[in-house]
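Residue-level listing of the chains:
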2 protein chains.
Amino acid sequence: MKYFEAEPRALPEGIDYGDHIVATYYGVMPRDMIAYYVAPFLAVEQSTGTWTPVPGETPEVRAKHVAKVIGIYEVPQWEFEVPKEVEERTYVIQIAYPYRNIESQIPMMLTAVVGNISMGGKIKLLDIYFPKVYTDGFKGPKFGIEGVYKALGVEGRPLLNNMTKPCTGYPCQVGADLFYEAARGGCDVVKDDELIADMRFNRVEDRVKAYMALEKRVYEETGEHTLYAVNVSDSIPKMFEVAKRAVDAGANCLMVNYLAVGLPALQALAEDPDINVPILAHMDCAGALYESHYSGISSHLVLGKLPRLAGADVVVFPAPYGKAPFLKDRFLACADAMTYPMHGLKPTMPMPSGGITPQMVPTAVADLGPDIMIGSGGGVHAHPMGPAAGARAFRQAIDAAMQGIPLEEYAKDHQELAAAMGIWTGVFQETKA
Amino acid sequence: MKYFEAEPRALPEGIDYGDHIVATYYGVMPRDMIAYYVAPFLAVEQSTGTWTPVPGETPEVRAKHVAKVIGIYEVPQWEFEVPKEVEERTYVIQIAYPYRNIESQIPMMLTAVVGNISMGGKIKLLDIYFPKVYTDGFKGPKFGIEGVYKALGVEGRPLLNNMTKPCTGYPCQVGADLFYEAARGGCDVVKDDELIADMRFNRVEDRVKAYMALEKRVYEETGEHTLYAVNVSDSIPKMFEVAKRAVDAGANCLMVNYLAVGLPALQALAEDPDINVPILAHMDCAGALYESHYSGISSHLVLGKLPRLAGADVVVFPAPYGKAPFLKDRFLACADAMTYPMHGLKPTMPMPSGGITPQMVPTAVADLGPDIMIGSGGGVHAHPMGPAAGARAFRQAIDAAMQGIPLEEYAKDHQELAAAMGIWTGVFQETKA
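Parameters at a glance
Residues numbered from 1 in each chain as written. Chains lettered and ligands numbered in written order. Predicted model: local features only at pLDDT ≥ 70, side-chain atom pairs only at ≥ 80, totals over all residues. Heavy atoms only, no water. Core = buried A, V, L, I, M, F, W, Y, C linked by side-chain atoms within 4.5 Å. Buried < 20%, exposed > 50% of the residue type's maximum accessible area, 1.4 Å probe, protein only. Contact = heavy atoms within 4.5 Å. Least-squares fit on C-alpha atoms with pLDDT ≥ 70 in both. Disulfide = S-S within 2.5 Å. pLDDT = per-residue confidence, 0-100. Buried area = accessible area lost by both parts, 1.4 Å probe. Helix = DSSP H or I, 4+ residues; strand = E, 2+ residues; numbered from the N terminus. Pairing = 2+ DSSP bridges. Axes fitted to C-alpha atoms, helices over the stretch in contact; angles between N-to-C directions. Salt bridge = Lys/Arg side-chain N within 4 Å of Asp/Glu carboxyl O.

Student: Honestly, the nonpolar core in this entry has me stumped. Any pointers?
Tutor: Nonpolar side chains in soluble globular proteins tend to be buried together. In terms of nonpolar packing, the biggest core is built from 289 residues, with Val113(A), Leu254(A), Val113(B) and Leu254(B) touching the most fellow members. Not counting chain neighbours up to four residues away, the residues in contact with Leu254(A) comprise Ala229(A), Val230(A), Val232(A), Ala243(A), Ala246(A), Val247(A), Leu269(A), Ile275(A), Val277(A), Pro278(A), Ile279(A) and Leu280(A).

Written out as structure tokens, the structure is:
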């Protein structure tokens with residue numbers, strides 16, 4: 001391994017952050033493996049070289065294209081010397097990849113920073129820093145938080161999104177009835193469940209036409225608009241055709257299972273000038289990438305930074321209060337990655353979801369602030385007084401949270417909230433580990 | 001949880017395998033969690049229902065669309081009763097999803113069988129059974145093993161594929177020189193490394209034109225054809241445009257980083273009638289999905305069954321002899337998934353890769369048979385007598401393996417093989433765990 005020892009290393013000050021993508025990894029190595037040798041080996045593997053020196057990997061090629069190790073940080077666990085019984089040591093490693101190797105696209109970026117490293121054993125991608133030259137090649141969210149609020153004519157409070165339940169298997173008319181109930185009850189957004197898209201038993205175009213006619217009716221009745229996020233996830237190119245037909249049929253929002261179709265497909269949809277409606281990105285399959293302790297990609301990248309880069313206006317992600325085991329730290333990191341400054345890309349609206357009840361609304365607002373979308377499926381449709389009342393219960397919880405009034409108090413003269421609190425107290429415990 | 005106890009269960013005999021997709025999971029649960037309750041809950045979640053009963057999930061909806069648990073098998077570890085100190089128990093669980101919920105497309109299939117389950121903690125997708133009605137909606141590999149052999153006019157022996165090294169950072173002319181050397185030495189296929197695609201410093205079209213001119217020259221010199229697998233991985237729709245331009249410029253093979261672009265993008269490329277050349281699918285990013293013990297998707301699906309379904313003619317996957325930690329069991333399972341009977345879809349050619357040297361060829365042939373493609377990058381280009389000799393060493397190893405002659409003996413009058421064996425004996429140990 002001598003060949004790789006020194007050259008592809010640079011101090012952080014030795015690279016230009018303006019033209020490097022920096023990946024941060026968590027690595028676990030056998031006690032006697034020397035990270036100072038291994039890390040440069042990875043950097044070479046993921047840029048110009050391979051396991052054995054090759055003549056074409058000249059100093060000129062290296063100078064411009066080799067990735068550089070800019071940080072090797074052992075997680076301190078021992079003093080002076082590593083105890084004999086220790087089998088593995090833990091590191092955080094940073095590698096800087098020249099932008100010119102990758103350019104502004106997602107597939108080659110993933111290939112460089114995850115690529116073959118993903119098969120290398122105990123190494124997990126913790127973060128990616130993108131330089132402006134990279135993000136400048138992306139349009140990012142077309143609407144973002146502000147645009148979603150504007151599309152609805154709402155501001156200053158969490159939006160309420162209802163996932164239609166049952167998830168799938170219902171005909172268009174049943175969905176339309178559920179849409180109407182949810183919308184007139186006060187859901188700002190109604191979305192398809194991720195388990196239904198353009199199916200033979202229930203077509204996207206039919207749903208869009210039926211639901212959008214009801215959207216008008218609800219607006220006349222309540223003065224509130226509703227976005228209908230219709231799921232266009234499908235094979236390529238059919239997905240793009242379905243999306244265009246949906247927009248032509250009057251859809252005011254699209255939804256896509258972005259990891260099932262692939263991030264590049266989400267980006268293509270979001271950057272298409274003909275798709276002039278917000279896009280809601282659904283998280284399914286995300287756990288397959290982020291759940292491993294030792295491998296894969298951190299959740300705030302999978303659920304935050306990457307879909308934002310690809311142009312998601314809203315991202316559904318698991319709430320730690322709900323049915324998925326998800327640490328609150330990671331929940332906060334995901335929302336952060338959707339909203340922090342990112343070279344001028346618009347912020348994506350965080351949509352915590354998965355077993356949410358009205359009781360959890362004040363906590364979600366305390367955790368993430370008011371500029372969020374609360375996702376609820378069963379919490380609306382299983383309300384004992386019906387889905388419109390289920391929606392009202394959530395809107396009452398949102399009002400209470402925004403006014404700083406405890407739900408128990410607010411429920412005294414808000415019967416829908418009171419009914420919800422009666423049946424769903426303590427159904428989920430916040431995940432502790 | 002009482003609601004979910006019984007109804008979404010069926011004996012295996014109670015479902016029609018002709019119209020269900022069956023997913024097999026590995027699940028680890030706390031000692032006192034009752035799999036007979038949890039498994040039906042998952043089946044409901046991933047089809048019609050949610051965490052709380054909803055009125056729209058009628059018996060009619062359930063009858064046609066609910067997924068059914070058809071097997072709950074605890075891995076036997078104790079007799080009579082579970083010891084008190086045991087904290088977790090392990091299960092294999094099978095769930096059958098109605099085809100009508102999914103139809104013949106990859107995204108909705110992944111959403112159903114991986115989807116939100118992926119975020120559910122210790123549950124890993126071990127296998128997917130596809131009914132014929134599902135695979136009938138896919139074209140599968142256009143060429144398959146037979147078509148790839150035919151394109152080269154070769155049969156009955158492993159093909160040799162050289163990954164151009166350095167991986168990236170070289171201008172077109174340098175790549176062309178390396179192509180020429182590798183091809184005239186006897187590489188049947190030369191592929192771009194996954195780290196280069198259509199880059200500003202080296203364009204796909206330029207490479208195709210330059211390499212294909214040399215392909216002709218090599219054919220005149222040696223009588224052997226060479227496929228050049230040019231990497232078209234890119235954003236969508238650019239990837240499809242680059243692919244078409246490559247084919248128009250004379251490309252005889254394409255390559256795609258199929259997990260970085262997404263399986264649906266691979267499928268779209270493979271099923272495009274204008275793309276009338278074999279497609280080589282590169283494995284990078286695969287480990288992020290398969291490496292976890294507890295979560296994600298088994299490697300034979302990620303590297304075998306799924307890319308085959310999406311139409312890959314060749315799939316690059318890690319050899320247990322090389323640089324990635326990969327168990328031989330899984331290696332064999334991947335190759336199996338590429339080639340076993342699958343409702344008439346053509347078999348995909350397995351391409352073991354990653355630190356392969358000529359010494360490993362007989363083992364690879366013993367493991368997988370002769371209908372494989374041997375991938376070697378550094379093993380060709382770092383040969384002490386140059387890349388053409390590096391290619392010859394591999395071809396000699398292939399000849400020896402096919403004739404059943406030990407390499408040490410064959411090397412006696414084959415100097416390139418002898419030279420390779422001199423430097424690369426025992427560089428990697430087969431991964432044991």
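Student: Quick question: what am I supposed to make of the relation of the copies chain B and chain A here?
Tutor: Superposing the two chain copies requires a rotation about an axis and a translation along that axis. You can overlay chain B on chain A at an RMSD of 0.0 Å; the transform is a turn of 180° with a shift of 0.0 Å along its axis. Between the two chains, the operation in question is that of a two-fold axis. For chain B, the smallest separation between a C-alpha atom and the rotation axis is recorded for Gly262(B), amounting to 2.3 Å. When the interface residues of chain B are mapped onto chain A, 100% of them are again interface residues, pointing to one common binding face.

Student: Teacher, can you tell me more about the state of the cysteines here?
Tutor: Tallied over the full model, the rule gives zero disulfides over all chains. The thiol sulfur of Cys167(A) is not disulfide-bonded, and the nearest other cysteine sulfur, from Cys285(A), lies at 15 Å. Judged by its relative accessible area of 1%, Cys167(A) falls in the buried class. Free cysteine Cys334(B): the closest other cysteine sulfur is in Cys285(B), separated by 16 Å.

Student: Would you explain the confidence of the model for chain A in this entry?
Tutor: Low-confidence regions, as indicated by low pLDDT, have predicted coordinates that should not be scrutinised in detail. Residue and element names in this part refer to chain A. For chain A, per-residue confidence averages 93 on the pLDDT scale, and 96% of positions sit at 70 or higher. For residues 429-433, every residue scores under 50 in pLDDT, and the model assigns this stretch ten contacts once sequence neighbours within four places are set aside. Across the whole predicted complex the pTM is 0.94, and at the interface the ipTM reaches 0.93.

Student: Would you explain the interface of chain B and chain A in this entry?
Tutor: Each partner contributes residues to the interface: chain B has 90 residues there, and chain A has 90 residues. Across the chain B to chain A interface the summed buried area is about 6600 Å²; carbon plus sulfur atoms make up 63%. Among the residues chain B hides against chain A, the three largest losses belong to Trp51(B), Met119(B) and Leu195(B). Together they make up 12% of the total. Elements with a minimum of two residues in the side of chain B that touches chain A: α2 (59-65), α3 (106-113), α9 (258-261), α10 (263-271), α11 (286-290) and α15 (378-381) of chain B. For the side of chain B that touches chain A, the element with the most residues is α3(B), which contributes six residues.

Student: Any chance you could explain the side chain of Ser376(A) here in plain terms?
Tutor: Residue and element names in this part refer to chain A. Its location among the elements puts Ser376 in strand β13 (residues 373-376). Its relative accessible area of 1% is what places Ser376 among the buried residues. Setting aside residues up to four positions removed in sequence, Ser376 forms contacts with Asn161, Asn162, Met163, Ile356 and Phe394.

Student: Looking at this structure, how should I read the sheet that holds strand β3 (residues 88-98) of chain A?
Tutor: Sheets are built from strands paired through backbone hydrogen bonds, the pairs being either parallel or antiparallel. Residues and elements named next belong to chain A. Spatial ordering of the open sheet is given by β2-β3-β1-β4-β10, a layout of five strands whose pairing is mixed. Looking at the sheet topology across the chains shown, the edges are occupied by β2 (68-74) and β10 (296-297). Note: strand β1 (residues 20-30) against β3, eleven bridges, orientation antiparallel. Bridge pairing links Tyr26 to Val92 in β3. Each of β1, β2, β3 and β4 (123-129) touches helix α1 (residues 35-45); the most contacted strand, β2, lies at about 145° to it. Along the sheet face, helix α12 (residues 299-309) touches β4 and β10 and points at about 30° away from the line of β4.

Student: Got a minute to help me understand the environment of Pro12(B) in this structure?
Tutor: All names here are of chain B. Position of Pro12 among the secondary structure elements: in the segment before β1 (20-30). Judged by relative accessible area, Pro12 falls into the partly exposed class, the value being 24%. Apart from the residues lying within four places of it in its own chain, the contact partners of Pro12 are Tyr17 and Ile70.

Student: I'm lost on the pattern of salt bridges in this one. Help?
Tutor: Side-chain pairs of opposite charge can arise where the charged atoms are in close proximity. All names here are of chain B. The tally for this structure, following the rule as stated, stands at 42 salt bridges over all chains. Between Glu181 and Arg184 there is a salt bridge, and its shortest N-O distance comes to 3.0 Å. Of this pair, Glu181 and Arg184 both sit in helix α6 (residues 172-185), three residues apart, which is roughly one turn of the helix. A residue is classified by how much of its surface remains accessible, and Glu181, at 23% relative accessible area, is partly exposed. Judged by its relative accessible area of 32%, Arg184 falls in the partly exposed class. With a shortest N-O distance of 2.9 Å, Lys244 and Asp272 are connected by a salt bridge. Here Lys244, found in helix α8 (residues 238-248), pairs with Asp272, found in the loop between α10 and β9 (279-282); they are 28 residues apart in sequence, far enough to count as distant. Taking relative accessible area as the criterion, Asp272 reaches 14% and is therefore assigned buried.

Student: Just checking my understanding: could you explain the sheet that holds strand β8 (residues 253-257) of chain B for this structure?
Tutor: All names here are of chain B. One open sheet accounts for eight strands, arranged β11-β10-β9-β8-β7-β6-β5-β12; its pairing is parallel. Since the sheet does not close on itself, it has two edges, and those belong to β11 (349-353) and β12 (373-376), each with one partner. Across the sheet, the mean angle from the axis of one strand to that of its neighbour is 25°, orientation sign disregarded.

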